Amino acid sequence: MAEPVRTPRGTLPVPTFLPDATRAGVRGVTSADLRAVGIEGLVVNAFHLLRRPGARVVQAAGGLHRFMDWEGPILSDSGGFQVWSLIRQDPSRGVIRDNEVIFREPETGEKWSLTPERVIGVQLQLGSDIAVCLDDCTDADAPADEQERSVERTLRWARRCREELDRQVAQRGGEAPLLFAVVQGGGVEALRRRCAGELAAIGFDGYGFGGWPLAADGSLLSEPMRWVAESLPADAPKHALGVGRPDHVVTAHALGYSAFDSALPTRDARHGRLYAFRPGWATRRPAPGDPFFRAVRIHDQPYRVDHGPIEEGCDCPVCARHSVAYLHHLFKVGDLSAERLATLHNLRFYVRLFDLLRGSA
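Only a predicted model underlies this, so the values are computations on that prediction, with no experimental measurement involved.

Comments concerning the nonpolar core
Right, so step 1: Within the largest apolar cluster, 99 residues are counted, with the highest numbers of intra-cluster contacts made by Leu64, Met68, Phe103, Leu199, Tyr257 and Phe260.
Right, so step 2: Considering every element that reaches this core, the biggest residue donor is helix H14 (residues 337-358), with 12 residues.
Right, so step 3: Of all hydrophobic cores here, the second largest spans 12 residues; its members include Val14, Ile130, Val182 and Leu241.

Observations concerning the sheet that holds strand S6 (residues 94-96)
Right, so step 1: Reading across the sheet, the three strands line up as S6-S7-S8 and stay open at both edges, with antiparallel pairing between neighbours. The open sheet has two free edges, formed respectively by S6 and strand S8 (111-114), since each of these has just one partner strand. On average, each strand axis in the sheet is tilted by 15° relative to the strand beside it, whichever way the strands run.
Right, so step 2: Note: strand S7 (residues 101-104) against S8, four bridges, orientation antiparallel. Bridge pairing in S8 places isoleucine 102 opposite serine 113.
Right, so step 3: Strands in contact with helix H5 (residues 80-88) are S6 and S7; relative to S7, the strand with the most contacts, it is inclined by about 50°.

As for the packing of helix H7 (residues 144-172) against helix H8 (residues 189-202)
Right, so step 1: It is the contact of H7 with H8, at a shortest axis distance of 10 Å, that shows an interaxial angle of 10°. Considering the angle they form, H7 stands roughly parallel to H8. Contact residues: Ala144, Gln147, Glu148, Val151, Glu152, Thr154, Leu155, Ala158, Arg159 and Arg162 in H7; Leu191, Arg194, Cys195, Glu198, Leu199 and Ile202 in H8.
Right, so step 2: Considered class by class, the residues forming the contact of H7 with H8 number eight nonpolar, two polar and six charged.

Thoughts on empty space enclosed by the protein
Right, so step 1: A complete count under the given rule lists two cavities of 30 Å³ or more for this structure.
Right, so step 2: In this model, the largest cavity occupies a volume close to 40 Å³.
Right, so step 3: Taken together, Val5, Leu12, Thr16, Leu18, Leu75, Ile130, Phe180, His239 and Ala259 make up the full set of residues lining the largest cavity.
Right, so step 4: Looking at the lining of the largest cavity, its residues break down into seven nonpolar, two polar and no charged.
Right, so step 5: When its volume is computed, the second largest cavity comes out at roughly 30 Å³.
Right, so step 6: In terms of lining residues, the second largest cavity is bounded by Phe47, Arg51, Leu86, Arg93, Phe103, Arg104, Glu105 and Trp112.
Right, so step 7: Split into classes, the residues belonging to the lining of the second largest cavity amount to four nonpolar, no polar and four charged.

Examining the pattern of salt bridges
Right, so step 1: If you walk through the whole model with that rule in mind, you get 27 salt bridges.
Right, so step 2: Note that arginine 156 and aspartate 98 form a salt bridge whose closest N and O atoms lie 3.9 Å from each other. Here arginine 156, found in helix H7, pairs with aspartate 98, found in the loop between S6 and S7; they are 58 residues apart in sequence, far enough to count as distant.
Right, so step 3: Look at arginine 156 and you get partly exposed, because its relative accessible area is 30%.
Right, so step 4: Between arginine 193 and glutamate 189 there is a salt bridge; the shortest N-O distance is 2.9 Å. Taken together, the residues arginine 193 and glutamate 189, both in helix H8 and four residues apart, mark about one turn of the helix.
Right, so step 5: Relative accessible area serves as the criterion here: at 36%, glutamate 189 is assigned to the partly exposed category.
Right, so step 6: Each of Arg88, Asp98, Asp136, Glu146, Arg153 and Arg156 takes part in salt bridges that share partners, so that together they form one network.

Brief notes about the pairing of strand S11 (residues 206-209)
Right, so step 1: Here S11 shows a buried face lined by Gly206 and Gly208 and a second buried face lined by Tyr207 and Phe209.
Right, so step 2: Here strand S10 (residues 178-183) pairs with S11 via four bridges, running parallel. Considered in S11, the bridge of alanine 181 is made with tyrosine 207.
Right, so step 3: In this sheet, strand S12 (residues 238-241) lies alongside S11 in parallel orientation, the contact comprising three bridges. Across the sheet, residue tyrosine 207 finds its bridge partner in S12, namely lysine 238.

A look at the sheet that holds S12
Right, so step 1: Spatial ordering of the open sheet is given by S3-S13-S12-S11-S10-S9-S5-S4, a layout of eight strands whose pairing is parallel. Only two strands of the sheet have a single neighbouring strand rather than two, namely strand S3 (16-19) and strand S4 (42-45). Each strand of the sheet is rotated relative to its neighbour by a mean of 25°, with strand direction disregarded.
Right, so step 2: Note that S3 and strand S13 (residues 259-262) share four bridges and pair parallel. For proline 19, the partnering residue across the bridge sits in S13 and is serine 262.
Right, so step 3: Its contacts with the sheet place helix H6 (residues 116-126) against strand S5 (74-77), strand S9 (130-132) and S10, and it is angled at close to 160° to S9.

Topic: the layout of surface pockets
Right, so step 1: As a volume, the largest pocket reaches approximately 970 Å³.
Right, so step 2: Asp20, Phe81, Ser262, Ala263 and Arg267 are the residues nearest the centre of the largest pocket, which is lined by 40 residues in total.
Right, so step 3: Of all elements in the fold, only S4, H5, S13 and helix H11 (264-270) reach the threshold of two or more residues within the lining of the largest pocket.
Right, so step 4: Among the elements that take part in the lining of the largest pocket, H11 stands out by supplying four residues, more than any other.
Right, so step 5: Residue composition of the lining of the largest pocket, by class: 15 nonpolar, 15 polar and 10 charged.

Criteria and cut-off values
- Residues numbered from 1 in each chain as written.
- Predicted model: local features only at pLDDT ≥ 70, side-chain atom pairs only at ≥ 80, totals over all residues.
- Heavy atoms only, no water.
- Core = buried A, V, L, I, M, F, W, Y, C linked by side-chain atoms within 4.5 Å.
- Buried < 20%, exposed > 50% of the residue type's maximum accessible area, 1.4 Å probe, protein only.
- Helix = DSSP H or I, 4+ residues; strand = E, 2+ residues; numbered from the N terminus.
- Pairing = 2+ DSSP bridges.
- Axes fitted to C-alpha atoms, helices over the stretch in contact; angles between N-to-C directions.
- Contact = heavy atoms within 4.5 Å.
- Parallel < 35°, antiparallel > 145°, perpendicular 65-115°, else oblique.
- Nonpolar A, V, L, I, M, F, W, Y, C, P; charged D, E, K, R; others polar.
- 1 Å grid on protein atoms, 1.4 Å probe; cavity = no way out; pocket = protein on both sides within 12 Å on 5 of 7 lines; lining within 4 Å.
- Points joined across faces, edges and corners; volume = space filled by probe spheres on them.
- Salt bridge = Lys/Arg side-chain N within 4 Å of Asp/Glu carboxyl O.

Given below as structure tokens:
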């Protein structure tokens, strides 16, 4: 099993969940709210912060931690996922070259160039505790030749990221952030295992499972995740990038993954989809396949007169003070506090789930 992840700003127990704070904020809640429900670390996106407000603006503010009023560890994703979500989905948004990625703003035509060296420089400017290498993200169903090109780029860029971080830290001094590399290869076992093995040979502080982690039917890509976990050092932190559904988290953790991030719990909260443990499961460590949670769709009419909490026994600030009927009412009238309260409940559910997986509940 992986050891706790020790960063310049504290230790993350494992497994750990990092809520999505893409643009230096978790939507609808404050850093104080996050601390109150037990969140220990966050993930931001270096590419989006480079675009707005700009890495220099954040650096001038004293770095991400002061900018956000957040004292805990922060992982900054590189922008590699945007290679897939933007350019591969819409080639008019940019171009992928062997040495760089160029993004185009559709409204203004402005261009952003990302190289491995620039990605590392931006993350150092931001003051990240865990930096992530630039990678060439593909769809799991992409042809094998495209996957092979992706792996070649990912390996080449990872070497350049490793060299650039070491060079800049040696030049500047001070404590270096951890550096995670991302394993690509889509649904091709040989490529996944090769990419994982060659990245491990270069040497990184942790590794991420790259690419969209779900099949077309919404199921978790368990087999590719297993290939990657088996091909990496047993004691290395393994980050299941973008894996966030509660049952998917439990499955991926059983495969050997120790860190997770996702926008799912906060996005679902804003749409009125809340998570709750089923009766008898709030103190039991779940295993893959266990029916340990349910979804509360707060907009449904029966909740209009439900004066109990979202979940009996939940210790979140919402369940302690408010009924399901009240939250249903806030959503129906469009009160902004509805999204905040729902987000706090869902984040607390995830903290409780990860406490169970750690065996510390």
